[in-house]
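# Structural features, examined
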Amino acid sequence: MSNAINDVLFGWYPYFCLTVFLLGSLIRFDREQYTWKTGSSQLLRRRQLRWGSNLFHVGILAIFGGHFVGLLTPIWVFDALGISHSFKQGLAITVGGIAGVACFVGIALLAHRRLFDARIRNTSAPGDIAILLLLWLQLTLGLSTIFVSLGHMDGHEMVKFMNWAQGILTLQPAAAAYVADVNPIFKAHLLLGMTIFLVFPFTRLVHVWSAPVWYLGRPGYQVVRTRLATRRSPAPVSTVPSPAPVRPIAIPAPQPAE
Ligand code: HEM
């Protein structure tokens, strides 16, 4: 790959993707509130959905957290904490690998359910299937990077990705040079990752913005009763006085005119 192409793909393409991601999400939120969701197919093949969805979400949230902290924490912070590059590389491989496998099994269940159940397939938009396959491909590429990373456990390649990601987010397109000579599997993974940001506002992924994380900081805001709790304890007693019962009123039938 020539330097010019590398600069475009890893120095400028990220800004194109991030702009569409932010502006697109904002415009869709503003103009298409009724489509701001992930369409539910919960009524169909519930068991497979539960396993697939839980494994997928646990895995992808762990991967997201790992990527966020791993790529965006300044290197001097790890150095100050005494965390060596090789330890961090090992941690990324182990934790990211376990989360990646969980996510992979989850996404396989979700894709199987959506593609091979005729009713779910018929009610799926093309975008629903496309984003699932895109995430599956990205996950496969991500897991493949582990075999490359095992060849440089000193963490020097990982430091290149940190410098690249932090350079791009601090508006330095020249940071593309950090990834100019990395393995093509990494390049493919970075490119597809940016492309997922690009298509994000046009897919069901927009529901990520509405994840109810704010509830965690509001204890007592929402009362949730599990089915188990309902079975064990009596129904909650209402303290609001119930309205007087409505008495039926007899309406006389109309009399025929004389
Ligand atoms: C712009 C978005 C993304 C970027 C820049 C990115 C970057 C990276 C990098 C640099 C690594 C190698 C870490 C190392 O070994 O040093 C990696 C690994 C990995 N990525 Fe991504 N990634 C992105 C999105 C994703 C997404 C959406 C998924 C899941 C669907 C994913 C799944 C993985 C997995 C499973 C690994 C291997 C385990 C690990 O090292 O954490 N990545 N990614």
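Below or above, wherever it landed, is the structure these notes cover. (Residues numbered from 1 in each chain as written. Predicted model: local features only at pLDDT ≥ 70, side-chain atom pairs only at ≥ 80, totals over all residues.)

### Re the site of the ligand
Around the ligand, 25 residues are found, and the nearest of them are Gly96, Gly100, Gly142, Met158 and Gly193. Going through the elements one at a time, helix H2 (46-72), helix H4 (85-116), helix H6 (126-149), helix H7 (156-169) and helix H8 (184-199) are the ones with two or more residues in the shell around the ligand. When residues of the shell around the ligand are assigned to their parent elements, the largest contribution, eight residues, is made by H6. Looking at side-chain class alone, the shell around the ligand contains 13 nonpolar, twelve polar and no charged residues. (Near = placed C-beta within 6 Å. Helix = DSSP H or I, 4+ residues; strand = E, 2+ residues; numbered from the N terminus. Nonpolar A, V, L, I, M, F, W, Y, C, P; charged D, E, K, R; others polar.)

### What to know about the packing of H6 against H8
The N-to-C vectors of H6 and H8 enclose an angle of 150°; their axes lie 9 Å apart at closest approach. The pairing of H6 with H8 is recorded here as roughly antiparallel in orientation. H8 is crossed by H6, and the crossing has left-handed handedness. Of the residues in H8, those in contact with Leu134, Leu137, Gln138, Leu141, Gly142, Ser144, Thr145 and Val148 of H6 are Ile185, Phe186, Ala188, His189, Leu192, Gly193 and Ile196. Residues belonging to the contact of H6 with H8 are distributed by class as follows: nine nonpolar, six polar and no charged. (Axes fitted to C-alpha atoms, helices over the stretch in contact; angles between N-to-C directions. Parallel < 35°, antiparallel > 145°, perpendicular 65-115°, else oblique. Left-handed = near helix turned anticlockwise from the far one by under 90°. Contact = placed C-beta atoms within 7 Å.)

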